[in-house]
Amino acid sequence: DLDRSVRFYRDGLGFEQEFVVEEYGWAQLMAGLVPVALYKPGQGGGSRTPGGSTDFHLQTDELEALQERLESIGANIGGGIVKADDDVEYLEVQDPDGNVLRLTRD
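All of these numbers come straight from a predicted model, not from anything done at the bench.

Draft legend 1. Structural context of unusual backbone geometry. Non-glycine residue Asp87 carries a positive phi angle of around 70°. Structurally, the position occupied by Asp87 is in the loop between strand S5 (82–83) and strand S6 (89–94).

Written out as structure tokens, the structure is:
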């Protein structure tokens, strides 16, 4: 569901929506200066199976505010903010397709 995924990244993570082309299964958003493409496997590009860890880490200095924003849209954020053994604080969240993103404190 491309629309659901766009809402997650736009409304939950605050990415800026550039465009959605449903007939090609492709959406593009911006995370600051970095473009992020979402696509339906086998349609918009690539054939990866949704779900699992993407090894995709984002940094923010507003981890608590981001957690609240994600909770407000019903995102699966697991156990909340975690402090790792190396003192890095992070939050893991699943996007609507089950892809796991790690959000770390900047």
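Read on, since the account is not over.
Draft legend 2. Representation of the environment of Leu91 in the model. Along the chain, the position of Leu91 falls in strand S6. Not counting residues within four places of it along the chain, the set of residues in contact with Leu91 comprises Leu63, Gln67, Leu70, Ile77, Gly80, Ile81, Leu101, Arg102 and Leu103.

Draft legend 3. Highlighting the pattern of salt bridges. Overall, the coordinates contain seven salt bridges when judged by the stated rule. Between Asp11 and Arg10 there is a salt bridge, with the nearest N and O atoms lying 2.8 Å from each other. Judged by relative accessible area, which is 33%, Asp11 ranks as partly exposed. Asp87 serves as the salt-bridge partner of Lys83, at 4.0 Å between the closest nitrogen and oxygen. Asp87 carries the same exposure label as Lys83, and that label is exposed. Each of the salt bridges in this network shares a partner with another, and the network as a whole consists of Glu64, Glu89 and Arg105.

Draft legend 4. Quick peek at helix H1 (residues 2–12). Within H1, burial applies to Leu2, Ser5, Val6, Phe8, Tyr9 and Gly12. At its buried positions, H1 is contacted by strand S1 (16–21), strand S2 (26–31), strand S3 (34–39), helix H2 (63–72), S6 and strand S7 (99–105). Directly after H1, the chain includes Gly14, whose backbone phi takes a positive value near 80°.

Draft legend 5. Examining the packing of H1 against H2 more closely. It is at 9 Å that the axes of H1 and H2 come closest, and there the two elements cross at 145°. Crossing angle aside, the handedness with which H1 passes H2 is right-handed. Together, Phe8, Arg10, Asp11 and Gly12 of H1 and Leu66, Arg69 and Leu70 of H2 make up the contact between the two elements. Here the contact of H1 with H2 is built from residues that sort into three nonpolar, one polar and three charged.

Parameters and conventions
Residues numbered from 1 in each chain as written. Predicted model: local features only at pLDDT ≥ 70, side-chain atom pairs only at ≥ 80, totals over all residues. Heavy atoms only, no water. Helix = DSSP H or I, 4+ residues; strand = E, 2+ residues; numbered from the N terminus. Contact = heavy atoms within 4.5 Å. Salt bridge = Lys/Arg side-chain N within 4 Å of Asp/Glu carboxyl O. Buried < 20%, exposed > 50% of the residue type's maximum accessible area, 1.4 Å probe, protein only. Axes fitted to C-alpha atoms, helices over the stretch in contact; angles between N-to-C directions. Left-handed = near helix turned anticlockwise from the far one by under 90°. Nonpolar A, V, L, I, M, F, W, Y, C, P; charged D, E, K, R; others polar.

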